[in-house]
Every structure is written in C-alpha cells, then in structure tokens.
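Tertiary structure, described
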Amino acid sequence: MVEQSNIVWLTGSEEATCDILLAHHPAVFERMPLSPVRLRPRRVVCVVHHPLFDGRRIQQYDLAVVERVLDRLFGVPVAFAPVGPKVRSQFEGLGTRGPTLLRRDLWNMVDLTEWPQNQRKAPKDCANLGRHTRGDPMKWPDCVDDLRAAYPDRADFSIRVLGGVPDTVQQWIGSNWEIRDFAETDVPDFLGRLDFYVYFHSKHWVEAFGICVAEAMASGLVTVLDPSFKDLFEDGAAYCDVAETGNVIERFITSPQAYVQQSNAARELVRRKFAIDRYPERMARLYDDLELPTVSVLKNSRTIINSYANGSIAEDKWVRSPPRRMGTRRRILFVATNGIGLGHITRLMAVAERMSDDVDSIFFTRSAGAALAYGRGHAVDYIPCGLAMGVTDASWNRAYAQELLSAVEAFDVSAVVFDGNRPFPGLIAVAESRRDLAWIWIRRALWRVDHEFSVDAHDVFDMVIEPGEFAHDEDHGPTRNLPGAVAVPPLLLLDPGTGLPRSEAAAKLGVNPDRFTVAVQLGSQRNFDFAGLPELIFAGLARRHVQTVQILNPLAKPCKEDASTVPRRSLYPLAEYFSAVDLLVTNAGYNSFHESVFGGIPSIFVPNEAPEMDDQHLRAAYAKSAGLGLCLRYSELNRVNETLNLALSDDFRAEVRRRSARLDFVNGSAIAAKAIEQLVFSMRADRPLYASIART
C-alpha cells in the first residue's frame, strides 16, 4: 500500500517535521530506542490502544515512563488519547496524577467500502452465531457455564468461529461449533454468513476498543455485547448479561422487523462514529484539541492538513521556601569516599551548601578533592586512602574506624552523611556502635547490571537518598526500585545558568569570547585510558580551526610535556564557566552529564567504561536518543570526524538547546538537605527513648 500510494516511508533516521506525531500503543514507548528518531513534531499524541489496568487492577505499563520517553525522544509536549471510554475512565480515575488527555477519544476507524452492506433478514430455522478473534484466553468467557450461555449448545443455533480458540475453551465447546483459521477465508465473507455477532470476554480483560465488534457492526450484523460496551457502541448493539444471550437472540428471531432495525442501526453507528471518511473531521478536532491553527482541511480521506504554529508550554517554577528556624544548632559530618573523580564530594558540597543556618557542615574525607571543599569555605578533616598510605585494606579500615569515631566525638555531630558506592567496613563498624546518630547514605543510581550489591548495607542507615538520574528509566542495575530509598531530583552543585558572564568566563578559560569555543574535559583518567581518542579529537578540532581549551581535572595525572598548542586550564567547577563554552567534550559521569543536559550545553559524551564505574555508556546513549548530546566511545576512533561534524553543526546545537529548555529542573540538593534536616531535628520514634538520646 505504501508503494502504490507513493508515500515516503520513514525509518526514523531521516530528518522530517510534522505538526502532530501519533505514537501508537503506550507499551511501545516504555524503552528509549537505541538510536535517535529524527522526527520533529510540534506535538506528540500517544494513542492508548491498551488500558492502564486489567480487570484485576494489575497495571499493564508504567505511564510515567511512557510520558517521559516520548517527551525526551521528541522534545515537545505530549498528550494522551484513549481509543475508548473504558481507557479514558481509568486515566480520569488517576486524578491529578494522570497525564494530559485530549478532550475527545481517538476511536479506531473502519473503511466501510471493505464491508459491503448486506440486506439482512432475521433467520428462520437455524441462527448462525459467531465471532472472529485471536486465541487469547482473555478474549473468551472464564468458565464453561458462561461460554455455553453465550454460545448455546442447541440444534437451532450454529456456532461459527474464525481465528483461534484457546485450549482451555476447546474443552467446553458444544457439538454445534465450526472453527476456521484466518487463512481459510476473509473476514467480510465470514461475517456475511452470520446472523448474530456475540462477543463476551474474560472478567479479567478490559477491551480498550473492540475493532472486531466494529467490523461486525459495519457488516450490518446484529451484535450482542456485555453492557460495559454501551458507552462506546451506543444503540448500534444489543446489550445483556451473558446468561441472557439466548433470550435476546430469540426475541430478534421472533421479530423480523426489530432484527432489520437493529442491523441498520449497527451500520449507521459505524458510519456516524468510526467511518474512515470522518478522518478529515477528526483531524480538525485534533488540531482544535491541541490548540494548533488549521490552515486547510480537504474533504476526503487522504487529507493533508497544513498548519504552522509556534508551540509553547507553561513551565511550573519550583520556588524554595525560606529555611525554618529549628532552635538548637546541629553539626553534620559529611563523609566522602575517595572516588576516581570528584562526583562524591561534589554532591556532598551541593547538599551542604543548601543546609539552613541551623546546621554546621564538617567534611571528613579521604578524597583528594578535600582542598576544593576547603576552598569553598567548608571545614575539612582529611585522611588519606589506604592505597596512598601503602597499607592493607584490613589495617586501613581499623585505622579509619578510629579516626571517624574520633571525629564524631570531637565535633559532637548529630548525623553522618556518606556519599559513596559502597560503605566500607570501617564506616559500618562506627555506624553500628553509634546508633544514637542519624546515618544517611547518598547513593547514586545506574549501577551496572553485573555489579554486586548487598541489600544489607541499607539496614545500617536510617535514610538512603538516591539522587535523580536523567536516564533512570533505562536503569536495570541492582539498585533499581530498592525499597526505602528517598528519591530526589538530580543533585547539582550549581543551578543551571548561575555561572559567570561569558566575558568573565572566557577570561578564566583563556579564550576569545567572540569565537566559537570547544572545551574538552575527560575526567581524571586515573582508572581508564582513552587510548588515542583525545589526540584524534584535538587534531580534528585543529583541522577545523576551532578554538579549543583543555580542562584538566584537579585529580588528573600530571600532563607530559608535549608540543600541543591547546591551552590547558585546571578549573572547578567547570559549570561556572559554561557561558563561554559552545561545545563540550566530556565524560558521562553523574555530575558532568547532568550539568551538561540541564545546562543546555551541546556535548559529546565520552563514557569512562572501566568495569568498576557506573554505566556511563548507557547514560551517554540515552542522551543521544533523547537528542540532548552525542555518544563517542573510546573504541570508536573511526567515528571522530563524523561526530565532530555533527556536533559542530548549527542544527544539532540549536536542537540541544531547544530540548534542554523544555526540561523541568529542580535541584534535588535543596530537597535532600531538607530531608536530612528533618531527620536530624526529629526524635526517633522507632527506637526506645534511651537509644535515641543516649551517647553509648
């Protein structure tokens, strides 16, 4: 049909624009595709062909994930269009938790030219009852009594089925059944030999629409349905409980006039509501629902509606309320593990700097980034890591436990906040001995699927905070959906857009503010060698005469002297200088990634793929699919030129900034700080009083 109609078939890799993109069936969009879909609609409408809950109220798909995937995949507002009232009622039942719904349902449609109108008459000697359906047990009655009531085993009734009958139903059928495969005959011929169309399904099934029913009515069949279909098919069908099916059919047989009237009503209902020639009218209503101006609507089923509109979406701004005075001040010890980079200590600083005036923050860290925390005005107590001291893990953990316990007692802290992948034995030992303190673990997500995780580690802490992860929907690692974690939005040290003006930032970077600038920052590279990739990137930028600056991570190994003309700067945090950066080449660590995505910085993400790291490749690939960055792996040396060409294009950078501007950003640092304060200034009610207030 596509070839005969001379229609362009898009695979998704071609760039194309449209007013409205119809995304059919929500379950298709529970996963982000592996590669970007380069369609640019003004609006996206998810056509909901399947209910959110089945008859047992078991959820069928994650609606929030579907909405997020579509929003990020296409970068425009998303609305949902049920295909029938049963689906709509479920969505409306969600109240304020539900998504944006179109005012009108997008029913399935029927081409009446495929269903010739037979002049039907009521049967006399034997009535042919039937249905065409697939062999899913949910499409059939649940028990033998209901099946025999819907399709009576009587000599004057002939039961005909096209399609499949499940094995559980086969054992219940009567002697008057005839079952055919779909391949044996076409549906219009099959329906043309029936007198009544009878359709009842399992009580555990919710029929979103019922296209088979609509086809039967289009052929003029007198159709008998459960009353739950009445809101959709109105007077086009007869309705009854399954036990009354035989009586309803007998009444039509004994009243030929009523039979003909009902047959005509079925056909008329389809013509009025579901006929394909209503498509232009439907599209006009759809444009109206989406508040898109329509330029022209042609009166035929192959209408192309042209419209031009600038979409806008109201963004709710999150406003932080002023901190509440809570009386006596408390001291909180922020404990950062070493880490390969600066992620752990940066997240802790993001939280500590948003604490109220009722809290004094003290850092206890084995991170080499301790000087950076001190430089930002934090009190810091530093202990070297075991590797730096040349001792065994066991002996270092014993020493660490003593140092941590001494800090807890010397500073008289009320809580310990730890940010790290795994709580090490020395910390756990102190936590178990000082249960009078509040222990909080800030644990990021996106662990690799093959990483080991001890759920028992959670039990040591009174609160586990999980920073928001933009690629959360693709997180299938061991920490996904662990009970008890407090999920907060992404933690960023700086709010997007709060850095230096371009002229000042450019001066710090040592670049010309009037020229296009690329900043390359590939982390400390302490545990992962990018091989020859950085050199290829610098060479490619040099050939294109692009102003480039290399940002050295404060923890990076000392650079070897070379003949490179690319200026080098050691700056922290880099986000403070984003105004002078037009393109960023960076790793896909938690901080760098989220700073770039929410800061609207066009970026090439080069994931650190060391086995002990979080899944940075997944994060980078997700940004690529969401149109918010590019992914370049260390092994893809042959893709450097192609990636640079795309990254330097005006279209790519404009699209990244457009999509980023649509993201709702709330800095989870303030929310995490508030949650910690609430715990610290609360009396523990899940322990005996003496254990809550005593120093043991």
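Relevant structure appears above.
Residues numbered from 1 in each chain as written. Predicted model: local features only at pLDDT ≥ 70, side-chain atom pairs only at ≥ 80, totals over all residues. Heavy atoms only, no water.

In spatial order, the strands read 12-11-10-13-14-15-16; together these seven strands make up an open sheet with parallel pairing. Only two strands of the sheet have a single neighbouring strand rather than two, namely strand 12 (379–382) and strand 16 (485–487). Going across the sheet, the axis of each strand differs from the next one's by a mean of 25 degrees, ignoring polarity. Here strand 10 (residues 330–336) pairs with strand 11 (residues 359–365) via seven bridges, running parallel. Each bridged residue has a counterpart across the sheet, and for Leu 333 the counterpart in strand 11 is Ile 362. Each of strand 10, strand 11, strand 12 and strand 13 (415–419) is contacted by helix 14 (residues 393–411), which is oriented at about 160 degrees to strand 10, the strand it contacts most. Against the sheet, helix 23 (residues 668–680) makes contact with strand 10, strand 11, strand 13, strand 14 (438–442) and strand 15 (463–466), and its axis sits at roughly 175 degrees relative to strand 15, the strand it touches most. (Pairing = 2+ DSSP bridges. Helix = DSSP H or I, 4+ residues; strand = E, 2+ residues; numbered from the N terminus. Axes fitted to C-alpha atoms, helices over the stretch in contact; angles between N-to-C directions. Contact = heavy atoms within 4.5 Å.)

Residues Tyr 572 and Pro 573 are joined by a peptide bond in cis, for which omega reads -10 degrees. Phi at Asp 412 takes a positive value of approximately 50 degrees, unusual for a residue other than glycine. Mapped onto the elements of the fold, Asp 412 is located in the loop between helix 14 and strand 13. Relative accessible area serves as the criterion here: at 43%, Asp 412 is assigned to the partly exposed category. (Buried < 20%, exposed > 50% of the residue type's maximum accessible area, 1.4 Å probe, protein only.)

Bringing the environment of Cys 143 into the picture now. Its location among the elements puts Cys 143 in the loop between strand 4 (127–133) and helix 3 (144–150). Taking the C-alpha atoms as reference, Cys 143 lies 8.8 Å from Ser 202; in sequence the two are 59 residues apart.

Further remarks concern helix 18 (residues 533–543). Burial in helix 18 covers these residues: Leu 533, Pro 534, Ile 537, Phe 538, Gly 540 and Leu 541. The buried residues of helix 18 occupy an angular sector of 160 degrees when the element is viewed end-on, so they sit on one face. Pointing more than 90 degrees away from the buried face of helix 18 are the exposed residues Glu 535 and Arg 543. Of the surrounding elements, those touching the buried residues of helix 18 are strand 17 (517–521), strand 18 (547–551), strand 20 (583–586) and helix 21 (640–647). Just past helix 18, the residue His 545 takes up positive phi, approximately 55 degrees. (Arc of directions from axis to C-beta.)

Once that is clear, we can look at the pairing of strand 5 (residues 157–163). The buried count for strand 5 comes to six of seven residues, which makes it a mostly enclosed element. Of the crossover connections in this fold, the one passing from strand 4 over helix 3 to the parallel strand 5 is right-handed. As judged from the four bridges shared by strand 5 and strand 6 (residues 177–180), these two strands associate in the parallel manner. Bridge pairing in strand 6 links Leu 162 to Arg 180. (Right-handed = clockwise from strand over helix to strand, strands pointing away.)

Attention now moves to the side chain of Asn 587. Tracing the backbone through its elements, the reader meets Asn 587 in the loop between strand 20 and helix 19 (590–599). A relative accessible area of 12% means that Asn 587 is categorised as buried. Polar side-chain contacts of Asn 587 include one of 3.4 Å to the backbone nitrogen of Gly 589. Excluding anything up to four places from it in sequence, Asn 587 contacts Gln 521, Leu 522, Gly 523, Ser 592, Phe 605, Val 606 and Gln 616. (Polar contact = N/O pair within 3.5 Å; in protein donor to acceptor, adjacent residues only side chain to side chain.)

One pass over the full model with this rule turns up 25 aromatic pairs. Aromatic pair Trp 140 and Tyr 151: ring centres 6.3 Å apart, planes at 55 degrees, arrangement tilted. Of this pair, Trp 140 sits in the loop between strand 4 and helix 3 while Tyr 151 sits in the loop between helix 3 and strand 5, placing them eleven residues apart in sequence. Taken together, Phe 364, Trp 396, Tyr 400, Phe 418, Phe 424, Trp 441 and Phe 461 form an aromatic cluster joined through their ring pairs. When the ring centre of Tyr 590 is taken as reference, the NZ or CZ atom of Arg 347 above it lies at 5.1 Å. (Phe/Tyr/Trp six-rings, centres within 6.5 Å; stacked < 30°, edge-to-face > 60°. Lys NZ or Arg CZ within 6 Å of the ring centre and 35° of its normal.)

What follows covers the nonpolar core. The biggest cluster of nonpolar side chains holds 81 residues, and the ones touching the most others in it are Val 45, Leu 70, Phe 233 and Phe 470. Top element by residues in this core is helix 1 (residues 63–74). It accounts for seven residues. Residues contacting Val 45, with those up to four places away along its chain left out, are Ile 20, Leu 21, Leu 22, Ala 23, Ala 79, Ala 81, Leu 102, Leu 106, Leu 286 and Leu 290. Residues Met 355, Ile 440, Ile 465 and Tyr 590 belong to the second largest nonpolar core, which totals 33 residues. (Core = buried A, V, L, I, M, F, W, Y, C linked by side-chain atoms within 4.5 Å.)

This paragraph deals with the environment of Glu 268. On the secondary structure map, Glu 268 appears in helix 9 (residues 256–273). Measuring from C-alpha to C-alpha, the distance between Glu 268 and Met 217 comes to 8.7 Å, with 51 residues separating the pair along the chain.

Looking now at the pattern of salt bridges. In the structure shown here, the tally under the stated rule is 42 salt bridges. A salt bridge links Arg 68 to Asp 473; the nearest nitrogen and oxygen atoms lie 2.7 Å apart. In this pair, Arg 68 sits in helix 1 while Asp 473 sits in the loop between strand 15 and strand 16, placing the two residues 405 residues apart along the sequence. Overall, Arg 68 belongs to the partly exposed group, its relative accessible area being 30%. Take Asp 473: its relative accessible area is 3%, and that puts it in the buried class. Of the charged contacts in the structure, one is a salt bridge between Arg 653 and Asp 650, with a shortest N-O distance of 2.5 Å. Pair noted here: Arg 653 and Asp 650 are both in helix 22 (residues 650–661), with a separation of three residues, about one helical turn. Judged by relative accessible area, Asp 650 falls into the exposed class, the value being 59%. Among the charged side chains, a network of salt bridges with common partners joins Arg 40, Asp 651, Glu 655, Arg 658 and Arg 659. (Salt bridge = Lys/Arg side-chain N within 4 Å of Asp/Glu carboxyl O.)

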